[in-house]
Amino acid sequence: VQLQASGGGSVHAGGSLRLSCVASGSAFITSLMGWYRQAPGKQRELVATITRGGTTNYGDSGKGRFTVSGAFARNTVYLQMDSLKAEDTAVYYCNWRGTVHQRLAPYWGRGTLVTVSS
């Protein structure tokens, strides 16, 4: 499974960005997609995930200002980020979970950089 993320970039504090991630490949079934982030000098942390059934899970970093949504027919997940703050600056990683050739597997995208200037 290949994950292609887009939508990262630079924005001023208070602005918005929308990240997208598309999964592609063969013989796979998506169960869950979502986003994690890693700021410089910090551990990777959960932002938000969404299951095929629509259940969402937000980490502390994603609650309140971020919204995760999915279009599983297109194996795509989105992250709408509003009211961005400087502390949201991080590399955002797309996470995919499901089965590939009937075997459970997680996959990570390469990451997209989000920079928020104050």
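Structural data are supplied above this passage.
Since the model is a prediction, treat every value here as computed from it, not as a measurement.

Chemist: How do you make sense of the pattern of salt bridges when you look at a structure like this?
Modeler: Opposite charge on two side chains allows them to pair when their charged atoms are near. Enumeration according to the criterion identifies 4 salt bridges in this entry. Asp60 serves as the salt-bridge partner of Lys63, at 3.5 Å between the closest nitrogen and oxygen. Assessed through its relative accessible area of 69%, Asp60 is described here as exposed. Across the salt bridge formed by Asp88 and Arg65, the nearest N and O atoms sit 2.7 Å from each other. Highlighted residues: Asp88 in the loop between β8 (76-81) and β9 (90-100) and Arg65 in the loop between β6 (56-58) and β7 (66-71), separated in sequence by 23 residues.

Chemist: Where do I start with the state of the cysteines in this structure?
Modeler: As used in these notes, a disulfide is a covalent bond between sulfur atoms, one from each of two cysteines. The tally for this structure, following the rule as stated, stands at 1 disulfide. The side chain of Cys21 participates in a disulfide bridge whose partner is Cys94; the two sulfur atoms lie 2.1 Å from each other. Judged by the sign of its S-S torsion, about -90°, the bond between Cys21 and Cys94 is left-handed. Here Cys21 is found in strand β3 (residues 17-24), whereas its partner Cys94 is found in strand β9, with 73 residues between them in sequence. Taken individually, Cys21 and Cys94 each receive the classification buried, so the pair is uniform in this respect.

Chemist: Hey, could you run me through the environment of Leu79 in this one?
Modeler: With respect to the helices and strands, the residue Leu79 is situated in strand β8. Taking the relative accessible area as the measure of exposure, Leu79 reaches 0% and is therefore buried. Considered as a pair, Leu79 and Ala48 are 31 residues apart in the sequence and their alpha carbons are 8.1 Å apart. Excluding its chain neighbours within four sequence positions, the residues that come into contact with Leu79 are Leu17, Arg18, Leu19, Trp35, Val47, Ala48, Phe66, Thr67, Val68 and Tyr92.

Thresholds applied
Residues numbered from 1 in each chain as written. Predicted model: local features only at pLDDT ≥ 70, side-chain atom pairs only at ≥ 80, totals over all residues. Heavy atoms only, no water. Salt bridge = Lys/Arg side-chain N within 4 Å of Asp/Glu carboxyl O. Buried < 20%, exposed > 50% of the residue type's maximum accessible area, 1.4 Å probe, protein only. Helix = DSSP H or I, 4+ residues; strand = E, 2+ residues; numbered from the N terminus. Disulfide = S-S within 2.5 Å. Contact = heavy atoms within 4.5 Å.

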